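Below are the chains, spelled out letter by letter.
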Amino acid sequence: MTEKLATLEAGLKSDAYLIEARQELAEARQEIERLRRDNRRLTAELKGWFIKLGEEIDRLRRRDFDLCERIDLLKARKGIISIAAFKKIRSCLHPDRVQDDDLKKRFEEAFNIFSELEMYAVDPKQIADKGSATHQASHTV
């Protein structure tokens, strides 16, 4: 009888072990499925980020190319008028030349707009020479 009880007890223990093992296996399978879902979601998110990153890199490359072209154009330009002619025209637009307040505002606006065009209209070497000539004149006195 003791042998039968021992066998029965061993069988019950192994049944309990099997039930527990099956439970753990089911939980592990659920965890694996959850991890797979998370992996698919994260992969999709990363793919979206990589696409956005690639687009931003392309945009910055185009901008860099445009800026290099602009720099080359600025270096190559010779200006369309001399600095003396530019100064004459700008002086005619100075707001102090008129007394009327409405005209003064318009002249000031025109003067400022035209002043901003100096770097495009005049050869940069003349602007640099003007700056060094002014600098030298102030030190020769």
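Residues numbered from 1 in each chain as written. Predicted model: local features only at pLDDT ≥ 70, side-chain atom pairs only at ≥ 80, totals over all residues. Heavy atoms only, no water.

A. Main features of the pattern of salt bridges. This structure, assessed with the given rule, holds 6 salt bridges. When the shortest N-O distance is used, the salt bridge between Arg 40 and Glu 33 registers 3.5 Å. Between Asp 38 and Arg 34 there is a salt bridge; the shortest N-O distance is 2.8 Å. In this pair, Asp 38 and Arg 34 both sit in helix α1 (residues 2-76), 4 residues apart, roughly one turn of the helix. Residue class for Arg 34 comes out partly exposed when judged on its relative accessible area of 34%. Connected through shared salt-bridge partners, Glu 31, Arg 34 and Asp 38 make up one network. (Salt bridge = Lys/Arg side-chain N within 4 Å of Asp/Glu carboxyl O. Helix = DSSP H or I, 4+ residues; strand = E, 2+ residues; numbered from the N terminus. Buried < 20%, exposed > 50% of the residue type's maximum accessible area, 1.4 Å probe, protein only.)

B. Inspection of the packing of aromatic side chains at higher detail. Within the structure shown, the criterion is met by 1 aromatic pair. Ring geometry for Phe 86 versus Phe 114: centroids 4.5 Å apart, planes at 15°, classification stacked. Highlighted residues: Phe 86 in helix α2 (residues 83-92) and Phe 114 in helix α3 (residues 101-116), separated in sequence by 28 residues. Judged by relative accessible area, Phe 114 falls into the buried class, the value being 17%. (Phe/Tyr/Trp six-rings, centres within 6.5 Å; stacked < 30°, edge-to-face > 60°.)

C. Spotlight on the packing of α2 against α3. Look at α2 against α3: their axes get within 9 Å of each other, and the N-to-C directions meet at 160°. Between α2 and α3, the crossing angle belongs to the class labelled roughly antiparallel. Once α2 is placed against α3, the crossing between them reads as left-handed. Residues Phe 86, Ile 89, Arg 90 and Cys 92 of α2 lie in contact with α3, whose contacting residues are Phe 107, Phe 111, Phe 114 and Ser 115. Counted by class, the contact of α2 with α3 contains 6 nonpolar, 1 polar and 1 charged residues. (Axes fitted to C-alpha atoms, helices over the stretch in contact; angles between N-to-C directions. Parallel < 35°, antiparallel > 145°, perpendicular 65-115°, else oblique. Left-handed = near helix turned anticlockwise from the far one by under 90°. Contact = heavy atoms within 4.5 Å. Nonpolar A, V, L, I, M, F, W, Y, C, P; charged D, E, K, R; others polar.)

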